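Given next are the chains, with one letter for each unit.
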Amino acid sequence: MASMRVVTQDRLGGPEVLHTGEAERPTPGVGEILVEVHAAGVNPVDAMQRQTGTFGGPPPFTIGWDVSGVVAAIGPGVTLYAPGDEVFGMLPFPRGAGAYAEFAVGPPRAFVRKPETLSHVEAAALPLSGLTAWQALVDTANVTAGTRVLLTGASGGVGHLALQIARSRGAHIVAVASGEHADAVRAWGADEIIDYRTTDVATAATDIDVALEVIGGEYPARVLRTVRAGGILVSTLPPSLAPIVAAASERGVRLAGLFVESDQLGMRGLADLATRDLLRPRIAATYPLSDAASAHARRHGPGKVVLTVR
């Protein structure tokens, strides 16, 4: 049997538990494709899985959902792709993890063709964060021209892509970020910037139609105070909304907790924006697959961290 390099872990814990090993190269089954991974995106949920095993049971396991690469083989019944096609996408979340490897297997409709305008590193930075932003702003909140959108964590992985998606739809964007990242956030499309280190978002923004909250803690309560009656607050951390359910009801604000899901329609939307040069991920750093531990230890943005495999 052919083997491949993978990043694996034998116990839960910090970045130091990640190490390279060998595993059997998967074979695509009915309705599956095998992708030779060129790059794999790193996301906060990867660290959560590494620490807690919430989505995959006890170790050993291989983490990661974001993949960009080349189709190496197809299983029976696959008609969308052929070996040699360049694709990118998100392995089915949460049970389909396995991107930190030389090869990954998944359903064809978790992927789309990689735009020529994106490198594999850039493409690998898009799926999970980009789909989170797309599903929040487009599918859930229906952002259109003139919508007043507030984004927390605007320089982060989800935030900087949400900025560009909202800008492409003609929204007026209020971005919450640190002052040191203000220039980058403005370049991505922010109309107003709130420096969370010096200003309370609850008093600095008003009459918000759509708020996308990615921080948790006390932020949902603060952000709620900025949203107008009839508006919506979408959180990527659904449990963080529980303490504000009553207050949201009193204000007439809809709450929506979002967990990202594989979505070919959303991926096509992201690819279309990238092709038209309306969406491009910021790469904060790249690390080789063998140094995934350092990628997880990195704490500085803005943008996304990506593992290079090929």
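Rules behind the numbers
- Residues numbered from 1 in each chain as written.
- Predicted model: local features only at pLDDT ≥ 70, side-chain atom pairs only at ≥ 80, totals over all residues.
- Heavy atoms only, no water.
- Helix = DSSP H or I, 4+ residues; strand = E, 2+ residues; numbered from the N terminus.
- Rg over C-alpha atoms; globule rule 2.2 N^0.38 Å.
- Buried < 20%, exposed > 50% of the residue type's maximum accessible area, 1.4 Å probe, protein only.
- Contact = heavy atoms within 4.5 Å.
- Phe/Tyr/Trp six-rings, centres within 6.5 Å; stacked < 30°, edge-to-face > 60°.
- Lys NZ or Arg CZ within 6 Å of the ring centre and 35° of its normal.
- Pairing = 2+ DSSP bridges.
- Right-handed = clockwise from strand over helix to strand, strands pointing away.
- Axes fitted to C-alpha atoms, helices over the stretch in contact; angles between N-to-C directions.
- Parallel < 35°, antiparallel > 145°, perpendicular 65-115°, else oblique.
- Left-handed = near helix turned anticlockwise from the far one by under 90°.
- Salt bridge = Lys/Arg side-chain N within 4 Å of Asp/Glu carboxyl O.
- Core = buried A, V, L, I, M, F, W, Y, C linked by side-chain atoms within 4.5 Å.

Chemist: Looking at this structure, how should I read the overall build of the protein?
Modeler: Helices and strands together make up the secondary structure of the protein, namely 10 helices and 15 strands. For the protein, the C-alpha radius of gyration of 19 Å lies close to 19 Å, the compact-globule estimate for 310 residues. In terms of principal-axis extent, the alpha carbons of the protein reach across some 60 × 40 × 35 Å. With 310 residues in all, the protein has 55% of them scored as buried. In the protein, of all internal contacts separated by at least 6 residues, the share reaching a separation of at least 24 is 63%.

Chemist: How should I be thinking about the packing of aromatic side chains in this particular structure?
Modeler: Describing an aromatic ring pair means giving the distance of the ring centres and the angle of the ring planes. The final tally for this structure, using the stated rule, is 3 aromatic pairs. The rings of Phe55, Trp65 and Phe93 are connected pair by pair, giving a single aromatic cluster. Positioned over the ring face of Tyr219 is Arg222, at 5.4 Å from the centre of the ring. Its end group placed over the ring of Phe103, Arg310 keeps NZ or CZ at 5.5 Å from the ring centre.

Chemist: Please explain the pairing of strand 12 (residues 227–235) as it appears in this structure.
Modeler: If a strand is regular, its side chains alternate between the two faces of the sheet. As paired elements, strand 11 (residues 208–213) and strand 12 share 5 bridges and run parallel to each other. Across the sheet, Glu213 pairs through a bridge with Ser235, a residue of strand 12. One crossover worth recording links strand 11 to the parallel strand 12 by way of helix 7 (residues 219–224), and it is right-handed. What joins strand 12 to strand 13 (residues 254–257) is helix 8 (residues 245–251), and the crossover it makes is right-handed.

Chemist: I would appreciate a short explanation of the sheet that holds strand 11 in the present structure.
Modeler: Whenever strands of a sheet pair, they do so through backbone hydrogen bonds, lying parallel or antiparallel. Spatially, the 6 strands line up as an open sheet ordered 10-9-8-11-12-13, and their pairing is parallel. Each edge of the open sheet carries a strand with a single partner, namely strand 10 (192–195) and strand 13. Each strand of the sheet is rotated relative to its neighbour by a mean of 15 degrees, with strand direction disregarded. Across 4 bridges, the pairing between strand 9 (residues 172–177) and strand 10 is parallel.

Chemist: Where do I start with the packing of helix 3 (residues 127–140) against helix 9 (residues 264–275) in this structure?
Modeler: Angle between the axes and distance between the axes are the two parameters that describe a pair of packed helices. Orientation of helix 3 relative to helix 9, taken along the N-to-C sense of each, is 100 degrees, at an axis distance of 10 Å. The orientation of helix 3 relative to helix 9 falls into the category roughly perpendicular. Residues Pro127, Gly130, Leu131 and Trp134 of helix 3 touch helix 9, and the partners they reach there are Gly266, Met267, Gly269, Leu270 and Leu273.

Chemist: I'm lost on the packing of helix 3 against helix 4 (residues 157–168) in this one. Help?
Modeler: Axis separation between helix 3 and helix 4 bottoms out at 8 Å; the angle between their running directions is 50 degrees. The angle between helix 3 and helix 4 places the two elements in the oblique class. Between helix 3 and helix 4 the crossing geometry is right-handed. Here helix 3 contributes Ser129, Gly130, Thr132, Ala133, Trp134, Leu137 and Val138 to the contact with helix 4, which in turn contributes Gly157, Val158, Leu161, Ala162, Ile165 and Ala166.

Chemist: Looking at this model, I keep getting lost on the environment of Met267. Mind explaining?
Modeler: Counting through the fold element by element, Met267 comes out in helix 9. A residue is classified by how much of its surface remains accessible, and Met267, at 0% relative accessible area, is buried. Spatially, the C-alpha atom of Met267 lies 19 Å from that of Arg95, the residues being 172 residues apart in sequence. Discounting residues that sit within four places of it in the chain, Met267 has contacts with Phe88, Gly89, Ala110, Val112, Pro127 and Leu131.

Chemist: I keep staring at the pattern of salt bridges and nothing clicks. Help me out?
Modeler: Throughout the structure, instances matching the rule amount to 14 salt bridges. As a salt-bridge pair, Arg310 and Glu36 come within 2.7 Å of each other at their nearest N and O atoms. Of this pair, Arg310 sits in the segment after strand 15 (304–308) while Glu36 sits in strand 3 (residues 33–42), and the two are 274 residues apart along the sequence. Two residues, Asp209 and Arg228, come together in a salt bridge whose shortest N-O distance is 2.4 Å.

Chemist: I keep staring at the nonpolar core and nothing clicks. Help me out?
Modeler: Ranked by size, the top nonpolar core spans 77 residues in total, and within it Tyr100, Phe111, Leu137, Leu163, Ile165 and Leu307 carry the most contacts. If one sorts the elements of this core by residue count, helix 3 sits on top with 7 residues. Discounting residues that sit within four places of it in the chain, Ile165 has contacts with Gly130, Ala133, Trp134, Leu137, Val138, Leu270, Leu273 and Leu279. Core analysis: the second largest hydrophobic core is formed by 17 residues, Ala211, Tyr219, Ile244 and Val253 among them.

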